[in-house]
Amino acid sequence: MSVFARMAKAAALAGAAFDGGRPQNGPQGAWSGSSSGGAGHAVSTAGGWSGQGPSANMGSPGNSANGFSSAPGGRPGFAKAPDFYSPLGTSRAPQLPEFLTSNPLPQGKPWGTKNATNTNVYVDPPTTNVTRTYDFVVTKENIAPDGVNVTGLLINGQFPGPTIEANWGDWIEVTVHNNIPDEGTAFHWHGFLQKDTQYFDGVPGTGMCPIAPGSSLTYRFKADLYGTSWYHAHYSAQYASGMIAPMVIHGPTTVPYDTDVGPILVGDWIHMYYADAVDMVMTALPNWKQPRSNNNLINGKNNYDCSLTSLPCTPNAGIATFNFTSGKSHRLRFINPSAAAIEKISIDGHTMTVIANDFVPIQPYNTTVITLGVGQRADVIVHANGKPTDSVWMRALIPDNCALTDGKGNYVQAAIFYENADRSKEPASQAQQGWDNNNCANDDLALSVPWYPIAAGNPSTTETLVARMGSNGTHMLWYQNDRTFRTNYNDPLLLEAKLGNLNFSEPANVHNYGTNASIRFFVQNHSGQPHPMHMHGHNMFVLAAGVGWWDGTIVNPDNPARRDVQIMPVGGYVVVQWNQDNPGVWPFHCHTAWHLSQGMVWNVLENPQAIKDNLNPPPSIAQTCRDWAAWTGNNVVDQIDSGL
């Protein structure tokens with residue numbers, strides 16, 4: 001009996017009858033065994049912009065020797081934006097407010113008297129009783145963010161997609177319409193805890209079924225944390241083809257600043273459709289290959305040397321630009337939405353004061369370079385110490401030893417113009433010394449001290465995981481403790497747990513941690529690549545990270561670093577811990593897209609009895625599974641990877 005029929009029989013979802021789920025028919029790939037089974041500002045500008053688009057159109061070293069160009073349709077240095085351009089990183093990008101004001105303001109703030117000093121966000125987030133609504137349409141289209149024409153996936157016709165903006169304590173409601181004709185999809189709202197809305201975490205085959213082509217789903221979840229994050233597709237590696245976008249949750253200020261410049265997405269780009277890259281990595285031995293990125297983008301923009309590709313290519317596609325005001329302090333919200341890259345980020349002649357890592361405000365520290373793994377964020381404040389006529393480069397680099405690239409597009413620049421700068425000329429600033437180092441690790445954990453102190457305490461149980469790549473006899477896969485993973489889109493794990501069925505298949509890689517109060521993972525990297533390790537449903541205490549063998553030392557034991565992604569270095573380890581306060585099925589996985597495709601997922605089953613007793617998925621979750629079952633009954637699902 002399918003999960004749908006069992007749930008109907010058990011009346012697990014009141015008022016939502018389930019049909020029998022049709023087996024998922026598709027290639028089994030490397031795994032053996034059968035696989036059963038707006039806010040108005042969120043809408044894209046149709047047709048692009050007339051007159052002008054990006055503030056500048058220039059070449060970075062090795063791309064365009066001519067630098068800025070004059071383009072028809074705009075003044076010198078400006079080019080008409082392609083239809084798919086996001087306003088991010090252009091002169092049309094809005095400065096963000098301190099908070100949204102179309103709502104009650106108790107004590108002058110949407111969250112009242114709660115702040116980073118007096119409130120444990122995991123226990124007592126505010127409730128504003130405000131819902132922010134967004135409506136997104138997903139399509140497959142030809143795009144050329146760096147001038148090279150490829151097949152991409154767009155949200156409301158934009159790359160990156162529309163920014164989600166809310167206040168801490170708001171509800172966010174997003175309706176996703178899947179207009180991809182031949183693929184399912186699902187959106188993950190990275191970093192949110194999803195307490196009481198575990199089924200909307202957005203992982204297909206874990207908490208929900210994929211959204212079938214031609215179908216829609218309305219997600220609803222609480223902005224329980226605040227700061228900077230992103231949302232992205234979690235269906236196979238779709239997000240590597242453009243399904244990424246920022247989220248900004250306004251919350252209490254810890255360090256004052258004058259201007260919120262907004263989100264800055266710094267990530268790699270590959271000149272092929274994501275499914276072709278998945279085909280490469282999932283090809284049988286000995287012909288498998290690991291995909292290599294071809295370029296590096298800031299807010300979806302960069303140039304590319306068209307002589308390096310056989311694909312249709314237009315030179316001088318344009319780079320991102322930002323505005324500074326002399327003497328003012330600016331908040332920049334860096335996000336790494338890469339498929340695989342670790343990014344080094346720096347601003348010539350300026351110091352960055354880090355005030356938050358992921359969704360966690362921290363005691364500020366100064367640096368000249370930020371290192372971000374896939375999925376990580378850093379909020380920084382930069383004091384504009386230059387003259388009103390200055391312009392400087394923002395730089396980002398993918399070090400060769402930190403990710404696989406083709407070596408032709410590791411570097412990207414964006415121009416920062418002060419208020420009276422000549423925007424027709426490229427900056428002449430010099431890079432910070434040592435910014436382009438090849439250290440593939442995050443900053444020293446001793447620097448990342450959460451503003452609100454919480455001690456991790458002694459764990460109820462400890463698990464040691466060994467991460468490695470290996471062959472299953474025909475394909476190369478990623479393993480943790482010799483276990484790999486493959487999802488079954490038609491049979492979500494959380495819904496099985498709701499029924500009390502805890503006999504999961506081996507490919508599901510589910511591990512029951514019961515009612516343990518806290519879990520500690522000591523993860524060892526027995527591979528030649530770094531891994532950005534991400535935990536769903538929780539912020540992790542990051543107790544230690546380094547190269548070699550952990551000696552048992554915990555960094556800042558009374559108030560260790562907390563975040564939802566931590567880089568595990570080559571030949572090294574991470575030690576993370578979390579409190580089991582959120583019953584669900586939560587993936588702990590590497591956020592490198594290709595490693596995820598190859599099965600590097602360890603599913604944590606947390607308090608299954610509470611799932612059975614208290615979880616109440618809405619009827620839309622059942623309908624999404626019915627729609628998916630109907631579509632897969634008549635269409636082959638081309639799932640050759642893990643599915644995530």
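As shown above, the structure is provided for reference.
Residues numbered from 1 in each chain as written. Predicted model: local features only at pLDDT ≥ 70, side-chain atom pairs only at ≥ 80, totals over all residues. Heavy atoms only, no water.

Undergrad: Any chance you could explain helix H2 (residues 274–281) here in plain terms?
TA: Of all the positions in H2, only Tyr-274, Ala-277, Val-278 and Val-281 are classed as buried. All buried residues of H2 lie within an arc of 100° about the axis, which places them on one face of the element. Those residues of H2 hidden inside the fold are in contact with strand E2 (150–155), strand E21 (476–480) and helix H4 (593–597). (Buried < 20%, exposed > 50% of the residue type's maximum accessible area, 1.4 Å probe, protein only. Helix = DSSP H or I, 4+ residues; strand = E, 2+ residues; numbered from the N terminus. Arc of directions from axis to C-beta. Contact = heavy atoms within 4.5 Å.)

Undergrad: In this structure, what is going on with unusual backbone geometry? I would like to understand it.
TA: The general pattern is negative phi for most residues beyond glycine and trans for most peptide bonds. Between Phe-159 and the following residue, Pro-160, the backbone shows a cis peptide bond with an omega angle of -10°. Here Pro-160 is to be found in the loop between E2 and strand E3 (164–167). In this chain, Leu-285 is followed by Pro-286 through a cis amide linkage whose omega measures 5°. For Asn-129, which is not glycine, the phi dihedral falls at a positive 60°. If you trace the backbone, Asn-129 turns up in the loop between helix H1 (3–10) and strand E1 (131–143).

Undergrad: Could you clarify how one ought to interpret the pairing of strand E28 (residues 572–579) in this entry?
TA: Here is the key point about a regular strand: its side chains alternate between the two faces of the sheet. Of all eight residues in E28, seven are buried; the element is thus mostly enclosed. Pairing geometry for strand E23 (residues 518–525) and E28, over seven bridges, is antiparallel. Looking at the pairing, Phe-521 lines up with Val-576 of E28. Strand direction decides the pairing type here: strand E25 (residues 540–547) and E28, joined by six bridges, are antiparallel. In the sheet register, Val-547 faces E28, and the bridge partner there is Gly-572. (Pairing = 2+ DSSP bridges.)

Undergrad: Is there a simple way to think about the state of the cysteines in this case?
TA: Cysteine pairs can be linked by a disulfide, which is a covalent bond between their two sulfur atoms. Scanning the model with the defined rule gives three disulfides in all. With its sulfur 2.0 Å from that of its partner, Cys-306 forms a disulfide with Cys-313. An S-S torsion of about -70° defines the bridge between Cys-306 and Cys-313 as left-handed. The class for Cys-313 is partly exposed, based on a relative accessible area of 22%. In this model, Cys-402 is linked to Cys-440 through a disulfide, with the two sulfur atoms separated by 2.0 Å. Given an S-S torsion of about -95°, the disulfide between Cys-402 and Cys-440 has left-handed geometry. One end of the pair, Cys-402, is in the loop between strand E18 (391–397) and strand E19 (411–418); the other, Cys-440, is in the loop between E19 and strand E20 (461–471), with 38 residues separating them in the sequence. Each member of the pair, Cys-402 together with Cys-440, is buried. Within the protein chain, bonded cysteines paired by disulfides and numbered along the sequence follow the pattern 1-6, 2-3, 4-5. (Disulfide = S-S within 2.5 Å.)

Undergrad: What should I look at first to understand the packing of aromatic side chains in this one?
TA: By convention here, two paired aromatic rings are described through the distance between centres and the angle between planes. Taken as a whole and assessed by the stated rule, the structure comprises 28 aromatic pairs. A centroid spacing of 5.9 Å and a plane angle of 55° characterise the contact between Tyr-513 and Phe-521, whose relative ring orientation is tilted. Like Tyr-513, the residue Phe-521 is buried in the burial classification. Ring pairs connect the aromatic residues Tyr-134, Phe-136, Phe-187, Trp-189, Phe-192, Tyr-199, Phe-200, Tyr-219, Phe-221, Tyr-231 and Phe-359, which therefore count as one cluster. Sitting above the plane of the Phe-359 ring, Arg-377 keeps its charged end 5.3 Å from the centroid. Of note, Arg-468 hangs over the ring of Tyr-479, and the distance from its end group to the ring centre comes to 4.8 Å. (Phe/Tyr/Trp six-rings, centres within 6.5 Å; stacked < 30°, edge-to-face > 60°. Lys NZ or Arg CZ within 6 Å of the ring centre and 35° of its normal.)

Undergrad: Quick question: what am I supposed to make of the side chain of Lys-301 here?
TA: With respect to the helices, strands and loops of the structure, Lys-301 is situated in the loop between strand E10 (295–298) and strand E11 (321–324). For the buried Lys-301, no salt bridge is present, and the opposite-charge side chain at shortest range is Asp-146, 12 Å distant. Excluding anything up to four places from it in sequence, Lys-301 contacts Tyr-85, Ser-86, Leu-88, Gly-89, Thr-90, Pro-145, Asn-296, Gly-318, Ile-319, Ala-320 and Val-412. (Lys, Arg positive; Asp, Glu negative; His and termini not counted. Salt bridge = Lys/Arg side-chain N within 4 Å of Asp/Glu carboxyl O.)

Undergrad: Before we go on, may I ask you to explain the sheet that holds strand E9 (residues 259–269) in this structure?
TA: By way of backbone hydrogen bonds, the strands of a sheet pair with one another, either parallel or antiparallel. Pairing in this open sheet of six strands is mixed, and the strands run E10-E9-E12-E17-E14-E15 from one edge to the other. Since the sheet does not close on itself, it has two edges, and those belong to E10 and strand E15 (360–367), each with one partner. The sheet shows a mean angle of 25° between the axes of neighbouring strands, direction not considered. (Axes fitted to C-alpha atoms, helices over the stretch in contact; angles between N-to-C directions.)

Undergrad: Help me out: how do you make sense of the environment of Thr-128 in this one?
TA: Residue position: Thr-128 is located in the loop between H1 and E1. When its relative accessible area of 12% is taken as the criterion, Thr-128 is described as buried. For the pair Thr-128 and Asp-170, spaced 42 residues apart in the sequence, the C-alpha separation amounts to 5.5 Å. Within the structure, Thr-128 has its side chain in polar contact with the backbone oxygen of Gly-169 (distance 3.2 Å). (Polar contact = N/O pair within 3.5 Å; in protein donor to acceptor, adjacent residues only side chain to side chain.)

Undergrad: I keep staring at helix H6 (residues 619–632) and nothing clicks. Help me out?
TA: Because each turn of an α-helix spans 3.6 residues, side chains separated by three or four positions end up pointing in the same direction. The end-to-end C-alpha separation of H6 is 20 Å, in line with the 20 Å expected for 14 residues at 1.5 Å each. Within H6, the full set of buried residues consists of Ile-621, Ala-622, Thr-624, Cys-625, Arg-626, Trp-628, Ala-629, Trp-631 and Thr-632. (Expected span 1.5 Å × (residues − 1).)

Undergrad: Honestly, the pattern of salt bridges in this entry has me stumped. Any pointers?
TA: Opposite charge on two side chains permits pairing when their charged atoms draw close. Scanning the entire structure with this criterion turns up 17 salt bridges. Put simply, Asp-260, Arg-331, Arg-333 and Asp-379 are held in one network by salt bridges that share partners.

Undergrad: Sorry, what's going on with the nonpolar core here?
TA: Soluble globular proteins: nonpolar side chains tend toward being buried together. Residues Phe-187, Trp-189, Tyr-219, Leu-332, Phe-334, Met-394 and Trp-594 are the most contacted members of the largest nonpolar core, which totals 132 residues. If we ignore the near neighbours within four places in the chain, the residues touching Phe-187 are Phe-136, Val-138, Ile-155, Val-176, Asp-201, Gly-202, Tyr-219, Tyr-231, His-232, Ala-233 and Met-243. Membership of the second largest hydrophobic core comes to 20 residues, among which are Leu-465, Ile-519, Met-533 and Cys-590. (Core = buried A, V, L, I, M, F, W, Y, C linked by side-chain atoms within 4.5 Å.)

Undergrad: Would you mind going over the sheet that holds strand E27 (residues 565–568) with me for this structure?
TA: Spatially, E22-E30-E29-E24-E27 is the arrangement adopted by the five strands of the open sheet, whose pairing is mixed. This sheet does not close on itself; its edge strands, each paired only once, are strand E22 (510–512) and E27. Along the sheet, successive strands turn relative to each other by an average axial angle of 25°, direction set aside. Relative to strand E30 (residues 601–606), strand E29 (residues 584–590) runs antiparallel, the two being bridged by six bridges.

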